[in-house]
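# Structure at a glance
Next come the chains, spelled out residue by residue.
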Amino acid sequence: MAGAPAGPRVLLRRIREVMAEPVNAQTRLDKIVIQIAANMVAEVCSVYVLRDDGRLELFATEGLNRTAVHLTTMRSGEGLVGLIAATAQPLALSDAQSHPSFSYKPETGEEIYHSFVGVPILRGGNTLGILVVQNRAQRTYLDEEIEDLQTTSMLLAEMIASGELQSIAPAGTVIALRKSLTLKGSPVADGVGLGHVVLHEPRIVIAQLVAEDPKKESARLDEAIKVLRASMDELIDGNEHQGAGEHRDVLETLRLIVNDPGWMRRMREAVMTGLTAEAAVERVQNDTRARLQRSTDPYMRERLHDLDDLANRLLHQLTGQPFVRANDKLPENAILVARTMGAAALLDYDRRKLRGIVLEEGGGSSHVAIVARALGLPVVGDVPNITNLVEDGEAIIIDGAAGEALVRPPADLEAAYAEKARLRAGRQEQYRNLRDTPAVTSDGVTIDLHMNAGLPVDLPHVNETGAVSIGLFRTELLFMVASKFPRLEEQTRLYKSILDAVPDKPVTFRTLDIGGDKILPYMRHYEEENPALGWRAVRIGLDRPALLRYQLRAMFLGAAGRDLRIMFPMVAEAAEFDSVKDLTLLELEHLDRHCHKRPRNLQLGVMIEVPSLLWQLDEILERVDFLSVGSNDLMQYLFASDRDNKRTAGRFDALSPSGLRALKLIVDKAGEAGKPVTLCGEMGGKPLEALALVALGYRGLSMSPSSIGPIKAMVLGLDASDARAHILPLLERRDGAHSLRDDLQRYAEEKGVPL
Ligand code: PEP
Ligand code: MG
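Residues numbered from 1 in each chain as written. Chains lettered and ligands numbered in written order. Predicted model: local features only at pLDDT ≥ 70, side-chain atom pairs only at ≥ 80, totals over all residues. Heavy atoms only, no water.

## Topic: the overall build of the protein
Our working definition: Working definition: helices are DSSP H or I runs of at least four residues, strands are E runs of at least two. Numbering for both runs from the N terminus. We call a residue buried when its accessible area falls under 20% of the maximum for its residue type, exposed when it is over 50%, and partly exposed in between, using a 1.4 Å probe and counting protein chains only. Throughout, a residue-residue contact means that at least one pair of heavy atoms, one from each residue, lies within 4.5 Å. Neither His nor the chain ends contribute to the count of charged residues, in which Lys and Arg are positive and Asp and Glu negative. For this purpose, a charge sits on NZ of Lys, CZ of Arg, CG of Asp or CD of Glu.
Within the protein, the regular secondary structure consists of 26 helices and 22 strands. Dimensions of the protein, computed from the C-alpha atoms along their principal axes, are close to 95 × 60 × 45 Å. Burial analysis of the protein (755 residues in total) assigns 54% to the buried set. At a minimum sequence separation of 6, the contacts of the protein that also span at least 24 residues come to 67%. Measuring between centres, the 89 positive side-chain charges of the protein sit 2 Å from its 105 negative side-chain charges.

## A short note on unusual backbone geometry
Residue Ala 537 is not a glycine yet carries a positive backbone phi of 50°. Mapped onto the elements of the fold, Ala 537 is located in the loop between strand S17 (507-510) and helix H17 (538-543). Looking at Ala 537, the relative accessible area reads 2%, which means it is buried. Even without being a glycine, Cys 595 presents a positive backbone phi close to 55°. Here Cys 595 lies in the loop between helix H19 (574-593) and strand S19 (602-608).

## Quick word on the coordination of the magnesium ion (ligand 2)
Put simply, the test is: Donor atoms (N, O, S) are those found within 2.8 Å of the metal centre, with the cutoff raised to 3.2 Å for Na, K and Ca; water is not part of the atom list, so apparent gaps in a site can occur.
For the magnesium ion (ligand 2), the protein coordination sphere consists of Glu 609 (OE) and Asp 633 (OD), at 2.0 Å. Placement of Glu 609 in the loop between S19 and helix H20 (617-623) and of Asp 633 in helix H21 (residues 631-638) is noted, with a sequence separation of 24 residues between them. Take Glu 609 and Asp 633: they sit in the same class, and that class is buried.

## With respect to the site of ligand 1
In plain terms, the rule: Nearness of a residue to a molecule or strand requires only that one of the residue's heavy atoms be within 4 Å of it. What qualifies as a polar contact is a pair of N or O atoms within 3.5 Å, subject to a donor-acceptor requirement within protein and to the restriction that residues adjacent in sequence count only when both atoms come from side chains. Working definition of accessibility: Shrake-Rupley area with a 1.4 Å probe, residue cover restricted to the visible protein chains. Throughout this entry, Asp, Glu, Lys and Arg are counted as charged residues, while Ala, Val, Leu, Ile, Met, Phe, Trp, Tyr, Cys and Pro are counted as nonpolar. The remaining residues, Gly among them, count as polar.
By nearness alone, 14 residues border ligand 1, and Arg 474, Arg 510, Glu 609, Asn 632 and Arg 643 come closest of all. Separating an oxygen atom of ligand 1 from a side-chain N or O atom of Glu 609 is a distance of 2.8 Å. Coverage of ligand 1 by the protein amounts to 98% of the 290 Å² it exposes when considered alone. When contributions to the shell around ligand 1 are tallied by element, the ones reaching two or more residues are strand S16 (470-474) and H21. Of the residues that constitute the shell around ligand 1, the class distribution is three nonpolar, four polar and seven charged.

## Re empty space enclosed by the protein
Worth spelling out the cut-off: Buriedness of a pocket was judged along seven lines, with at least five required to meet protein on both sides within 12 Å; pockets are open sets of points on a 1 Å grid over the protein atoms alone, cavities are sets where a 1.4 Å probe fits but cannot get out, and lining residues have an atom within 4 Å of a point. Grid points are joined across faces, edges and corners, and a volume is the space filled by probe spheres set on the points. These domain boundaries are the output of an automatic or database domain assignment.
For the coordinates displayed, the defined rule picks out five cavities of 30 Å³ or more. What the largest cavity holds in volume is close to 340 Å³. What lines the largest cavity is a set of 19 residues, among which Arg 203, Arg 289, Asn 312, Thr 387 and Asn 388 lie closest to the centre. Secondary structure elements with two or more residues in the lining of the largest cavity: helix H8 (277-293), helix H9 (298-319), strand S10 (334-338) and helix H12 (386-389). In terms of residues, the lining of the largest cavity owes the most to one element, H9, which gives five residues. Across the lining of the largest cavity, the residue classes tally to seven nonpolar, six polar and six charged. When residues of the lining of the largest cavity are assigned to domains, at least three fall in each of domain 2 (185-202 + 326-410) and domain 3 (214-319). If you go around the second largest cavity, you meet 14 residues; those closest to its centre are Tyr 48, Met 74, Val 81, Ser 103 and Glu 110. A per-element tally of the lining of the second largest cavity places helix H3 (residues 79-87) first, with three residues. Here the lining of the second largest cavity is built from residues that sort into seven nonpolar, five polar and two charged.

## What to know about the pattern of salt bridges
Side-chain pairs of opposite charge can arise whenever the charged atoms involved come near each other. To keep things clear, this is the line we draw: The salt bridge definition used is simple: a Lys or Arg side-chain nitrogen within 4 Å of an Asp or Glu carboxyl oxygen.
The full count for this structure, using the stated rule, is 49 salt bridges. Of the charged contacts, one joins Lys 105 and Glu 78 as a salt bridge, the two residues approaching to 3.2 Å between their closest N and O atoms. Taken together, the residues Lys 105 in the loop between strand S4 (91-93) and strand S5 (115-123) and Glu 78 in the loop between strand S3 (73-75) and H3 connect sequence positions 27 residues apart. Across this residue pair, the class does not change: Lys 105 and Glu 78 are buried. Across the pair Glu 217 and Arg 220 runs a salt bridge whose closest N-O atoms are separated by 2.8 Å. Within this pair, Glu 217 and its partner Arg 220 are both found in helix H5 (residues 214-237), separated by three residues, close to a single helical turn.

## Some points on the domain arrangement of the protein
Where we set the bar: A simple way to read buried area is as the amount of 1.4 Å-probe accessible surface that goes missing from two parts once joined, with both sides added.
The domains assigned to the protein are domain 1 (8-178), domain 2 (185-202 + 326-410), domain 3 (214-319) and domain 4 (447-680). Here domain 2 and domain 4 have C-alpha centroids that lie 29 Å from each other. Every contact between the two is made by 11 residues of domain 2 and, on the other side, 12 residues of domain 4. For the pair domain 2 and domain 4, the two sides together bury roughly 940 Å², of which 69% comes from carbon and sulfur. Here domain 2 and domain 4 share zero salt bridges between them. In this assembly, domain 2 and domain 4 are joined by zero residue pairs in polar contact (both at pLDDT 80 or more). Of all the elements, helix H11 (residues 367-374) adds the most residues to the side of domain 2 that touches domain 4, at four residues. Residue classes in the side of domain 2 that touches domain 4 are distributed as seven nonpolar, three polar and one charged.

## Side note on the confidence of the model for the protein
As a reminder, the rule being used: Per-residue confidence from the predictor is reported as pLDDT, a score between 0 and 100.
For the protein, per-residue confidence averages 89 on the pLDDT scale, and 96% of positions sit at 70 or higher. Within the model, pLDDT remains below 50 along residues 1-6, and this stretch shows 16 contacts once partners closer than five positions in the same chain are excluded. Scored below 50 in pLDDT, residues 239-246 makes 13 contacts in the model with residues more than four places away or belonging to other chains.

## Comments concerning the packing of aromatic side chains
Where we set the bar: Aromatic rings from Phe, Tyr and Trp, taking only the six-membered ring of Trp, are treated as a pair when their centres fall within 6.5 Å; an angle between ring planes under 30 degrees marks them as stacked, one over 60 as edge-to-face, and anything in between as tilted. Ring-over charges, as used throughout, are those where CZ of Arg or NZ of Lys falls within 6 Å of the ring centre and within 35 degrees of the ring normal.
According to the stated counting rule, one finds seven aromatic pairs in the structure shown. Between Phe 479 and Phe 485, the ring centres sit 5.3 Å apart and the planes meet at 70°, which makes this aromatic pair edge-to-face. Classification of Phe 479 by relative accessible area gives buried; the value is 1%. Centroid distance Phe 485 to Tyr 522: 5.9 Å. Interplanar angle 85°. Geometry classified as edge-to-face. Here Tyr 522 lies in the loop between S17 and H17 and Phe 485 lies in the loop between helix H15 (476-480) and helix H16 (488-501), a separation of 37 residues in the sequence. Members of the aromatic cluster, joined through ring pairs, are Phe 473, Tyr 495 and Phe 509. The ring of Phe 626 is capped by Arg 565, whose NZ or CZ atom sits 4.1 Å from the centre of that ring.

This is how it looks when you write it as structure tokens:
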């Protein structure tokens, strides 16, 4: 405290000594409040700790009646202490009792103290408790004094976070830090995962909070900022492909903040209160987080991420600790918790130890979600702030279908989820037993169940699930997890290895479907107003024919004379197919010229994803060998409803008359033309949707591996002609129904079709 006989550094050192003493937690806390009061020349110093019921409980005091300890409590928002908890901001008053929020607690005997200063005890931007100092005389606290108190509260945060205080809490009371939480997010990949938190970016452990030599710390901080600035400049001004996926505008924002005098001043001031450089960065970031988390302005919350990013970079710089966890430190039953994560980073982990993933950002179509699904991991996305609410190693359960993460679950909940996971595993076992049973309806109609894939890790599932083929191989996933554009030889090797891995079953390769949300970090990215309607998929291939020709060449070389099926995404008119076919023919000639074998039986197909094709089906069917319906995109374009937008996600239903009529048109036309048609969007893997598709006449569905079992079970219990007789009149109705889902659900229940 300015002018105090012992400065803040002396206080910090004393508290640190007390923290190391082998005494019980209550004695330790009592000693700490005495030290703080003495150092700040105050009559009162009290510590309130936040409990799991949201109340703040007096845990220790010097100056107030000791009998009030563990008795006095208040709600968040109640009294001055509650006000600090609600705002997460310091509060200093020379006449506390005249403040409208002042609430008198007679048992404390505080009526004789007039001035009051309190600060939140923060960790990861979350309030763990309140530290209060009071003086009998009316006095104004200086900014530096408040600053010192905030620094002191960091040590208390450490003590609370250690869990030590739980041992002195009254029976039945749980401190907030140990509170079990149910965090709502969005469902990304189905499944239940039980395990322990593994922070993808491990929290930096600050071994030393208190500085020995503030000048040295100041210099360390300046040096770290200098290095950070230089690295930002290099990232931005280096060549345009640099930065491993980081976008230029994000980097530009970070560079602005790194040069912001206010940000640096706050950290320097924190160092002057006696903290080490890293502790100062952490303290300032804590305050910023507490403030911005309460902001309702999405722009401000976005800035918080930028600031978090920078603070992390600085902390890594100062402590030399690694950015990501080494694989050998991965515990068994790991649930990865990350703000965001790239697909490649996920593949770096040992799959055998992973039980699930929780992301702060990133919904169902994020790349990491696609890869996680391929790995069969449950995923919950869009869980706000989870990385700051959990600690490494804590128990966590995730429910991918419900989109929930349960942190520090109580034992009964854990048991219930363990049971749920066992049941699920049991069902999977039943599905595995169906592996060699052909999917034939009760009236003898064979439905071909194909598998969607995109990565080498998917391939073993072909035989495990009994899929008849790989009906959709999304080649872009291989490109998305690569760090640079795969060259011809590398691509050839990849396609060859896929065909080698499933020698007895066909593979339908889809050419690169990039653009839109699928961005290759090493390829120039163009900002577009409407990326889903923009320069993507076959449009890129037609404008950059060398790219498409390279891919076709690599597929031909990889096939080396074997059968090959290729399909093109996002075709919007027959002429586009003619163009890609011309390129294909050129590549076949190239093979001849270089004395390579042509594929034995080359089949070319088109994905029906763009509604314009619904009125060119005759032309398209004349040209292609097969069709594949990309219902994810087809429905998004039919309903003009972004497939990844949470706000519109439930608005329209593919099982509506319009959706189903479009799907019927395709299967009818293909039937007339005698050309095979498969559907490879997500709806093919959902039992009720698949029932409708079979009823409409679809005989081939391609889906993620985990759906094959449930869909086969449905097919085995279905009478296809009866279902058709049921659905066709529903499609004729003119009642303007929003969806036929309920009708179909009732039908399935009545007929005992397992869904
Ligand atoms: C689709 O659009 O339905 C499809 C299968 O392709 P993707 O999901 O890869 O866009
Ligand atoms: Mg698509």
